[in-house]
Amino acid sequence: MAHIYDEPSRTFGEYLLVPNLTRKGIVSSAVDLTAPLVRFPRGSAVPLSIKVPITSAMMQAVSDDKLAIALARSGGLAFIFGSQSIASQAEMVRRVKSHKAGFVVSDSNVRPSATLADVLATTRRTGHSTVAVTEDGTPTGRLVGVIAGRDYRPGRTPPNTPVTELMTPFANLKCGRVGIDLEAANDLIWSHKLNCLPVIDDRQHLHYMVFRKDYDAAQEFPLELVDDKKRLLVGAGINSHDYIERVPALVEAGVDILCIDSSDGYSEWQADTIEFVKVNYPQTPIGAGNVVDREGFNYLADAGADFVKVGIGGGSICITREQKGIGRGQATAVIEVARAREEYCQRSGTYVPICSDGGITRDYHITLALAMGADFVMMGRYFAGFEEAPGRKLRLNHTIVKEYWGEGSNRARNWQRYDDGSGTKNGLAFEEGVDAYVPYAGPLKDNLDGTLAKLRSTMCNCGALSIFELQRTARITAVSAVTIHEGGAHDVMVKETRAALEDE
């Protein structure tokens, strides 16, 4: 007879946090949101952490290089989606690793033979008023000069004027050398009263431009997540089929951490994938999943997974439970796996972080997931509506939306994620994800800042200044449907907000 669990599985929406005493020193500015990303011996230093406990899902509609840069600058981590060619995914990783905050690869360039008309066409195309003049007109060509808006009068300077007559020639430019850090570059900008500083190598080839206006922007990202070379951190999703070819390319591109992307991680295929990475690339950590119970966690932890992802069927885009009847309420899954993690740690002396993936529809669900034992969360829908997400922005019924589709949908064409080993690769037998829209939400940083403010405030209500303290001291209560209804605005006529009126 099948094993039948006596208790129903529950979601985050069926729980609330009960406040603890908020001591005078418990203030939002003192909350530390650092979270361990990979396994470590209990009592030892964590080899790899994130500054905020939030990662983005390995989805085509969510995690490309643009979103990865924005999230890492805010302290979180993106996992570049793996349902694309190996070369394409590796190039996305490479772009994140080569990004330097404040160091801009010039996309406004002309040759010395250009005229003012060419410069004006370039500024219209890029929106930038400063144009580098390089020998071959490329972003990395030999720098011969710089032309900016102050060097000509639109409508008065003849369009056929040679750029060499208008530009500031190289001999009169103040430049930085490759290897200069942002602080030193900004010191040069301020001490020499510059608007921009070209950064060149020993052959006079242009590498970056540092702009005065970017100085203030750099101050906006105090939680920027970088490696020991000051490069942004980035993860990448892999599958358990082409990993022998994919992993080397990602490691060569500079990926910081890998994660196996699967709707069901309790699998020998995942153990084989973990073993390959551990044997051939021992310095590259790898997460695995997804699982929903003690057995699944122990299997992946014993296989060497550096973190374990929890959750099946809880994502807003996912229909695995509907199609296959497989899954578990996200809150119940996190609670059981967290208990298994503690038992594993007591038994082995090694702490294996867990990631709650799916089931988060409100910001406070993040706090609940952490309080229940998750070290960090992974979200898809949350990020899909942001400006930096790859989905197209559309107008639908007087509302701005972005496209969002599941990795298990036919649109994703992600056959390998659901390959059953039979060798059939002509399409999905059935879908486990849908194609949909989400409301457009604006820039990532603006939204994430609000979410993190709520998280810090709620942790203060729980009397906790760290995620570990929250897990140790939080009090959680199950709630009824009536309690959930009572928790929102009710028995009133809610006024239209100013934002809604302005949209009209």
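Refer to the structure presented above.
Anyway, here's the lowdown on the structure attached to this text. (Residues numbered from 1 in each chain as written. Predicted model: local features only at pLDDT ≥ 70, side-chain atom pairs only at ≥ 80, totals over all residues. Heavy atoms only, no water.)

### Quick look at the pairing of strand β8 (residues 131–134)
A regular strand places its side chains so that they alternate between the two faces of the sheet. Test applied: Relative accessibility decides the category of a residue: with a 1.4 Å probe and only protein chains considered, values under 20% of the type maximum give buried, values over 50% give exposed, and everything between is partly exposed. Secondary structure follows DSSP: runs of H or I at least 4 residues long count as helices, runs of E at least 2 residues long count as strands, and numbering of each begins at the N terminus. Pairs of strands are assigned from DSSP output, requiring at least two bridges between the strands. For the handedness criterion, the strands are oriented away from the viewer, and a crossover whose path from the first strand over the helix to the second runs clockwise is classed as right-handed.
Across the two faces of β8 the burial is the same, with V131 and V133 and A132 and T134 all buried. Here 2 bridges tie strand β7 (residues 109–110) to β8, and the two strands are oriented parallel to one another. Bridge pairing links V110 to V133 in β8. Each parallel crossover has a hand, and for β7 linked through helix α3 (residues 116–126) to β8 it is right-handed. Summarising the sheet, β8 and strand β9 (residues 143–147) pair through 4 bridges and their orientation is antiparallel. Bridge pairing links A132 to V146 in β9.

### Examining the state of the cysteines
Definition in use: Two cysteine sulfurs form what is called a disulfide whenever their separation falls within 2.5 Å.
Taken as a whole and judged by the stated rule, the model has 0 disulfides. Lacking any disulfide linkage, C196 is separated from the closest cysteine sulfur, that of C175, by 8.8 Å. For C196, a relative accessible area of 14% puts it in the buried group. Take C259: it sits in no disulfide, and the sulfur closest to it among the cysteines is that of C355, at 7.3 Å.

### Examining the nonpolar core
Let me state the cut-off plainly: Take the buried residues of types Ala, Val, Leu, Ile, Met, Phe, Trp, Tyr and Cys, join any two whose side-chain atoms come within 4.5 Å, and each joined set is a nonpolar core. Two residues qualify as a contact provided that any one of their heavy atoms is within 4.5 Å of a heavy atom in the partner residue.
L258, F297 and F383 are the most contacted members of the largest nonpolar core, which totals 104 residues. Take this core: its biggest share by element is 7 residues, from helix α11 (residues 330–348). In this structure L258 touches F79, A236, I238, V247, L250, V277, T284, P285, I286, G287 and F307, once residues within four positions along its chain are discounted. Core analysis: the second largest hydrophobic core is formed by 11 residues, V110, V119, V131 and L166 among them.

### Details of the pairing of strand β14 (residues 235–238)
Neither face of β14 is exposed, since G235 and G237 on one face and A236 and I238 on the opposite face are all buried. Here strand β6 (residues 77–80) pairs with β14 via 2 bridges, running parallel. Paired with I80 across the bridge in β14 is A236. Looking at chain direction, β14 and strand β15 (residues 257–260) are connected through 4 bridges and run parallel. The residue of β15 that forms the bridge with A236 is L258. A crossover links β14 with its parallel partner β15, the connecting element being helix α7 (residues 243–253), and its sense is right-handed.

### Focus on helix α14 (residues 444–461)
Defined as follows: Expected helix span is given by 1.5 Å per residue-to-residue step, counting one fewer step than there are residues.
In this model α14 runs 26 Å from its N-terminal to its C-terminal C-alpha over 18 residues, within 8% of the 26 Å that 1.5 Å per residue would give. Turning to α14, its buried residues number three or more, namely L444, K445, L448, T451, L452, L455, R456, M459 and C460. Where α14 is buried, its residues meet β5 (54–56), α1 (65–73), α12 (363–371), α13 (381–384) and α15 (467–473). Following α14 by one or two positions, G463 adopts a phi angle in the positive range, close to 75 degrees.

Treat this as a map of the structure, not an account of what it does.
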